[in-house]
Each structure stands twice: as structure tokens, then as C-alpha cells.
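# Architecture and fold: a report
What follows is each chain in one-letter form.
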Amino acid sequence: MIDFTSFSTIVVIIVLLYLISSIKILREYERGVIFRLGRLLDQPKGPGVILVFAPIDRIVRVSLRVDTLEVPAQDVITRDNVTVKVNAVVYFRVLEPRLAIVEVANFLYATSQLSQTTLRSVLGEVELDELLSQRDKLNARLQSILDQHTSAWGVKVTMVEVKQVDLPEQMLRAMAKQAEAEREKRSKIIHAEGEFSAAQRLVDAAHLLSSEPVSVQLRYLQTLTEIGVEKNTTVVFPVPVDFFTGIQKLLGSNGGDAAPKKTA
């Protein structure tokens, strides 16, 4: 016969082992969703020490930290019929652990698939220039659409970032030519504006010098001073064009007087 004391000791040990195995420790960022006899409890457990009495209770651990989901490269055709490859990163976290476990079979996989389809549909409605220049606007739109759909699962999408846009080689060459033409256009405009400004200044200077004839002599003396500082052996004397015109008129008049007269 089995001794009653030994049997009691064995029972106590089994009970102690069962109680010890029922002790679960949840971290600060974890929550435990408890199913008791298949029915969901009203509130998730944790953090800290909790008791889970198996097989009556079953626990599912859910992390409340922000998780990162990388959306693989998607083939997108923009509104102006340009084929590009776009990948993105989705940042999300679980706000309602009970909904994340009960409402969807695998919230991580579901969020991934929803992110891929939303990325293709949203970017397919915009043109290539908008895709390249208005990233912030598109990121906010993607985040709003994803958050609206995942809120029923207890998942909060905090941010969406479009990482990289891969363009075809032909499109890259066309964009390079466009940028080169744009820069050449700007350089010509800047050069023309500089020429116009210089010409305007020369006209103003000419009007100023014509109003004060003495200023021409002062400017001439200043030029000679600048030449003398460099110790040049050649000195250039500027002569007005009107001076040569007057000489030509004088020579022409003298030549006309000296010409012999023809007699009949």
C-alpha cells in the first residue's frame, strides 16, 4: 500500500510545480491576451507577474513597441505612363492587443499586404514629377489610408516613408538632358541680364560725362595715373573720334580749294 504521507507529499509537489509553471512574467512593453476556456477576457494582462492556469487559460503575447515593416519594391505605372519601382517603410504599433489577435489572423502579414496594394494604388494616381518632388504629401496620404484601414485591427500606423524610386535608364537620360537645358537657359538669361545692366550703366555714364566736359579730362588723367603706377614704357593717348572727323572735313575743304579750275 502507498503511504498517505508520501502521496500527500507527491500531490503537494505537483501542485507547487503547476503553480510555478503558471507564473508568467510580462515585460513593460508586452501585454498578454488571455483566452479562458476559449473565451476572451475583457482586459489584457500585464505588465509584471500574472498567473495563467493551463490548460484552462491560453496566453498570446503582444508587443506594444513600434515595429518596422519594409514594403518590397513595387512596379508602379504613374498617371503619365512611366513605369517605376518604388519601395517604402511602414512604422506601426499595436494599440489594442485584443483586436490585433481576435479581428485578424496575422496583423503583421495583413498590414504588409495592405501596404503593398495601397502603395501601388496611391502612386499610380500621381505623375512622375509629383512623385519625385512631393514626397511628404504622398507619405502623409499613404499613412492616412493605412491607418484608416488598420484601426479596426487595433493597429496604429504612425509613419510611412517612400524610400527609393528606381527610374528606367531612358527616363534618367531624358531628365539629365532636361536639367542641362534648364541650366543653359538660366545661364543665358543671367548673361543677357548682365549685358543689359552693363549697357545701361554705360549709357548713364555717357550722359553724366556729356553734361560735364571737365569730367572727361579728369577721367583721362586718372587713367594716365593708373598706367604710370605699373611702370609701363608705352603710354596710350585716347583721341576722340570727333577729332578725326574734324580733320577729315578740314582736309577735304583745303583739297577742294587747291583743285585747278577747268576752262572752257
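Placed above this text is the structure.
Residues numbered from 1 in each chain as written. Predicted model: local features only at pLDDT ≥ 70, side-chain atom pairs only at ≥ 80, totals over all residues. Heavy atoms only, no water.

We now examine the environment of Ala 100. Following the sequence through the fold, Ala 100 ends up in helix H2 (residues 97-102). Here the alpha-carbon distance between Ala 100 and Ser 151, two residues 51 residues apart in the chain, equals 9.6 Å. Those residues in contact with Ala 100 that sit more than four places away from it in its chain are Val 94, Phe 107 and Trp 153. (Helix = DSSP H or I, 4+ residues; strand = E, 2+ residues; numbered from the N terminus. Contact = heavy atoms within 4.5 Å.)

Strands pair in a sheet through their backbones, by hydrogen bonds, and they do so in one of two ways: parallel or antiparallel. Here we have three strands laid out as an open sheet, ordered S6-S7-S8, and antiparallel in their pairing. In this open sheet, the two edge strands, each paired with only one partner strand, are strand S6 (67-77) and strand S8 (155-166). Going across the sheet, the axis of each strand differs from the next one's by a mean of 25°, ignoring polarity. Pairing analysis gives nine bridges linking S6 to strand S7 (residues 83-94), with the strands arranged antiparallel. If you follow Glu 70 over to S7, its bridge partner there is Val 89. Packed on one face of the sheet, helix H3 (residues 107-123) meets S6, S7 and S8 and runs near 35° to S6. Contacting S7 and S8, helix H5 (residues 135-150) runs over the sheet at an angle of about 140° to S8. (Pairing = 2+ DSSP bridges. Axes fitted to C-alpha atoms, helices over the stretch in contact; angles between N-to-C directions.)

Of all seven residues in strand S2 (residues 30-36), six are buried; the element is thus mostly enclosed. In this sheet, strand S5 (residues 57-63) lies alongside S2 in antiparallel orientation, the contact comprising seven bridges. By the bridge assignment for S5, Phe 35 is matched with Arg 58. (Buried < 20%, exposed > 50% of the residue type's maximum accessible area, 1.4 Å probe, protein only.)

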